[in-house]
Amino acid sequence: MNRLIAVSNRMPPENGGAGSGGLSVVLDAVLRQRGGLWLGWSGRVCKAPSSAPRISESDGVCRAALDLSCEEHAGFYLGFSNSVLWPLCHGAVNAPVHDATHYATYLAVNQRFAAALLPLLRPEDHIWVHDYHLLPLGQKLREAGSVQSTGFFLHVPFPELSALQGLPSAPGLMQALLAYDALGFQTAGDLAAFHRAAQWQWGSAVLQADGSLSAEGRRVTVGVFPVGVQVDDIQREVHAAQQSPAVAAAGVLRRGGSLLISADRLMGSKGLRERLLAYEAYLALPSANRQRPCLLQIAAPSRLDPQAGAQFGASLQALAARISERHACADWTPLRYLNRCFPHEVLMGLLHAARVGIVTPLRDGMNLVAKEFVAAQDPADPGVLVLSVFAGAAHELAGAIQVDPRDTRATASAISQACDMTLLERRERHQEMIGVLRQHDLRAWHTGFLRRLRSGQDCGRQPY
Ligand code: G6P
């Protein structure tokens, strides 16, 4: 088996402990399964970062961590990656502001990642680059002489053509994608959006019958590989989490009425505000009085710069407090808003304890919490998932009650339907979704993508 080289911006913290965000959790699991080398940002920002990564090794995985300078963090991470690309991919209403200095820093950091990786490579390695922070990395590696098979996976949605056309750097970024041998997307919708962008950039002749791309002497194989979870691992975590005080407290809440749960990072695209308003509308329905529901809204601190994050967090906290005050009585608190992170195992225990999971982002590449909620349920007495049609997971989880999260009344009535669902229907829906999760699990994701990368190599890769 060829050695796997994974490159992502985010890695778990060097001192151990839980990584934040779905991407670092899944890559951690993949590397533990396959072994290999993982290069990424250490999470540290310092004045004069060393150009050489800090290398450490454990569990058969070599980790190479790079620090960022303050300027790089501002321009590459907070700037171009998260203030331009993230909103662009998540269909932001206001067009993101393009800043030429931030874009130059974005390219320079990609260059720095390439320079740091090159000396660590062996010719037969397979390189797998992840997500929007590192779109140009393949190109930078090729320019520096890398010959290895190299693939790229986009965890977030591929932007709509109309949005992409407004971005001055879009042609350059599309061009950079030609350096890869394989491109992977979460859903068929993302692949279709990529095909539209490719036709805009190179004309309709570039698309081959098998969906791959031929342009400028390069052939790039493409495919859909929905990122998944390992159901049995999550069940083990649920079991282990039963001792945790937070999970025990959730058990008490569940005995007092219907326990509902949502867990997101504090970001606009997660639809937290819309969800709280829909929950408030549900509380006004007669059925809510009977159910005595309690929504546990976990809002983990986000990557936003501290000032913007604090403002957004404060506005949600105020909304949650208003809803709570209006509806709470001496023996019932209908909303608990927790602005903090939980270890993954504890989160799985909390998802297990809930009767309803509400996962309603305005746009999301996949949303692993939706899949984790289903995997964490007791098959004999499972909870119900209320899921946004705009999450990538909605393509696979037909057994969820699917809603448009911007429609307050429809979401409120979906919550009511979920709370009232019979055991028979809950079991049927859950069984169907667990079947899908087992079929499209994490192993299927990485073996599927890496097989595609190899097949591109076998059918005669053109040199860059
Ligand atoms: C989530 C998203 C990924 C993204 C990551 C970035 O996991 O699903 O697509 O790469 O967040 O997180 P970070 O903490 O590095 O900003």
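Position labels on residues start from 1 in each chain and follow its written sequence. With the structure being a predicted model, the display of local features is reserved for residues of pLDDT at least 70 and the display and counting of side-chain atom pairs for 80 or more, all residues being used for whole-chain, interface and lining totals. The side-chain numbers reported here are obtained from all heavy atoms of the structure, hydrogens and water having been left aside.

> Requested: an account of the domain arrangement of the protein chain, with residues and values cited.
Domain boundaries shown here were taken from an automatic or database domain assignment. Along its sequence, the protein chain is organised into domain 1 (4–228 + 443–457) and domain 2 (231–439). Placing a centre on the C-alpha atoms of domain 1 and another on those of domain 2 gives a separation of 30 Å. Contact criterion: two residues are considered in contact whenever any of their non-hydrogen atoms come within 4.5 Å of each other. Of the residues lining the interface, 23 residues belong to domain 1; the matching set on domain 2 comes to 17 residues. Buried area adds together the accessible area that both of two parts lose upon being put together, with accessible area traced by a 1.4 Å probe. Across the domain 1 to domain 2 interface the summed buried area is about 1,500 Å²; carbon plus sulfur atoms make up 64%. The largest contributions to the domain 1 side of the interface with domain 2 come from Trp86, His90 and Thr187, which together make up 27% of the buried area. Throughout this description, the term salt bridge denotes a Lys or Arg side-chain nitrogen within 4 Å of a carboxyl oxygen of Asp or Glu. Seen at the junction of domain 1 and domain 2, the total is one salt bridge. Among the salt bridges present, the one from Arg363 reaches Asp190, with a minimum N-O distance of 4.0 Å. Definition of a polar contact: a pair of N or O atoms within 3.5 Å, with one able to donate and the other able to accept a hydrogen when the atoms are protein atoms, and with sequence-neighbouring residues admitted only if both atoms are side-chain atoms. Linking domain 1 to domain 2 there are two residue pairs in polar contact (both at pLDDT 80 or more). Breaking the side of domain 1 that touches domain 2 down by element, the ones donating at least two residues are α1 (22–34), α2 (70–89) and α7 (188–202). By the criteria applied, helices consist of DSSP H or I runs no shorter than four residues and strands consist of E runs no shorter than two, each listed in order from the N terminus.

> Any details on the nonpolar core? Residues and values, ideally.
For our purposes a nonpolar core is just a set of buried Ala, Val, Leu, Ile, Met, Phe, Trp, Tyr and Cys residues, chained together by side-chain atoms within 4.5 Å. Relative accessible area decides the class of each residue, using a 1.4 Å probe on protein chains only: under 20% of the type maximum gives buried, over 50% gives exposed, and in between gives partly exposed. Formed by 61 residues in total, the largest nonpolar core has its most connected members in Ile261, Leu350, Leu385, Leu387, Leu397, Leu437 and Trp445. Taken domain by domain, this core gets at least three of its residues from each of domain 1 (4–228 + 443–457) and domain 2 (231–439). The contact partners of Leu387, leaving out residues within four places of it in the chain, are Val359, Ala370, Ala393, Ala394, Leu397, Ala400, Ile401, Gln402 and Val403. In terms of nonpolar packing, the next biggest core, distinct from the first, is built from 59 residues, Tyr77, Leu137, Met174 and Leu213 among them.

> Please give an account of the pattern of salt bridges that cites residues and values.
Tallying each qualifying case throughout the model produces 27 salt bridges. A salt bridge links Asp264 to Arg275, with the shortest nitrogen-to-oxygen separation between them at 2.6 Å. One end of the pair, Asp264, is in strand β10 (residues 259–265); the other, Arg275, is in helix α10 (residues 272–283), and 11 residues separate them in sequence. In this structure, the salt-bridge partner of Glu280 is Arg322, at a minimum N-O distance of 3.2 Å.

> Please set out the side chain of Asn110 residue by residue, giving values where relevant.
Turning to its location among the elements, Asn110 is positioned in helix α3 (residues 100–117). Judged by relative accessible area, which is 0%, Asn110 ranks as buried. For Asn110, the contacting residues outside a window of four places in its chain are Phe76, His133, Leu134, Leu135, Pro136, Leu137 and Lys140.

> Describe the sheet that holds strand β5 (residues 126–130), and please don't skip the residues or the numbers.
Two strands qualify as a pair provided DSSP detects at least 2 bridges between them. Here nine strands make up an open sheet; going across it, the order is β3-β4-β2-β1-β5-β6-β7-β9-β8 and the pairing mixed. Edge positions in the sheet fall to β3 (54–58) and β8 (213–215), since each has one partner strand and no second. Going from strand to strand, the sheet's axes swing by 20° on average, the running direction of each strand aside. Pairing of strand β7 (residues 182–185) with strand β9 (residues 218–224) involves four bridges; the strand directions are parallel. Along β9, the bridge assignment pairs Gly184 with Gly223. Note on geometry: axes are C-alpha line fits, over the in-contact stretch for helices, and angles between N-to-C directions span 0 to 180 degrees.

> Explain the state of the cysteines to me, and be specific about the residues and the numbers.
To count as a disulfide, a pair of cysteine sulfur atoms needs to be within 2.5 Å. Enumeration over the complete set of coordinates arrives at zero disulfides. The cysteine Cys419 is free of any disulfide, with Cys294 supplying the nearest cysteine sulfur at 11 Å. Given the relative accessible area of 6%, Cys419 is considered buried.

> Describe the sheet that holds strand β12 (residues 335–338), and please don't skip the residues or the numbers.
Working definition: the strands of a sheet are paired by backbone hydrogen bonds and lie parallel or antiparallel to each other. If you trace the six strands from one edge of the open sheet to the other, you get β12-β11-β10-β13-β14-β15, paired in parallel fashion. Taken across any chain shown, the strands that pair with only one partner, and hence form the sheet edges, are β12 and β15 (401–403). Shown here is a sheet whose adjacent strand axes are inclined to one another by a mean of 15°, direction ignored. With two bridges connecting them, β10 and strand β13 (residues 356–359) associate as parallel partners. Pairing of Leu260 across the sheet is with Val356, part of β13. Seen against the sheet, α10 touches β10, β11 (294–300), β12 and β13 and runs at an angle of roughly 170° to β11.

> Just give me the short version of empty space enclosed by the protein, but keep the residues and values in it.
Of the grid points, spaced at 1 Å and generated over the protein atoms alone, those admitting a 1.4 Å probe that cannot get out make up cavities, while open sets with protein on both sides within 12 Å along at least five of seven lines make up pockets; any residue with an atom within 4 Å of a point is treated as lining. Grid points are joined across faces, edges and corners, and a volume is the space filled by probe spheres set on the points. Inspection of every chain in the model, using the stated rule, returns three cavities of 30 Å³ or more. Forming the boundary of the largest cavity are 17 residues, of which Leu135, Phe158, Pro159, Leu164 and Leu177 lie nearest the centre. Secondary-structure elements contributing two or more residues to the lining of the largest cavity are α2, α6 (170–177) and β7. The element that contributes the greatest number of residues to the lining of the largest cavity is α6, accounting for four residues. Amino acid classes used here: Ala, Val, Leu, Ile, Met, Phe, Trp, Tyr, Cys and Pro are nonpolar; Asp, Glu, Lys and Arg are charged; the rest, including Gly, are polar. Its residues assigned to classes, the lining of the largest cavity shows 17 nonpolar, no polar and no charged.

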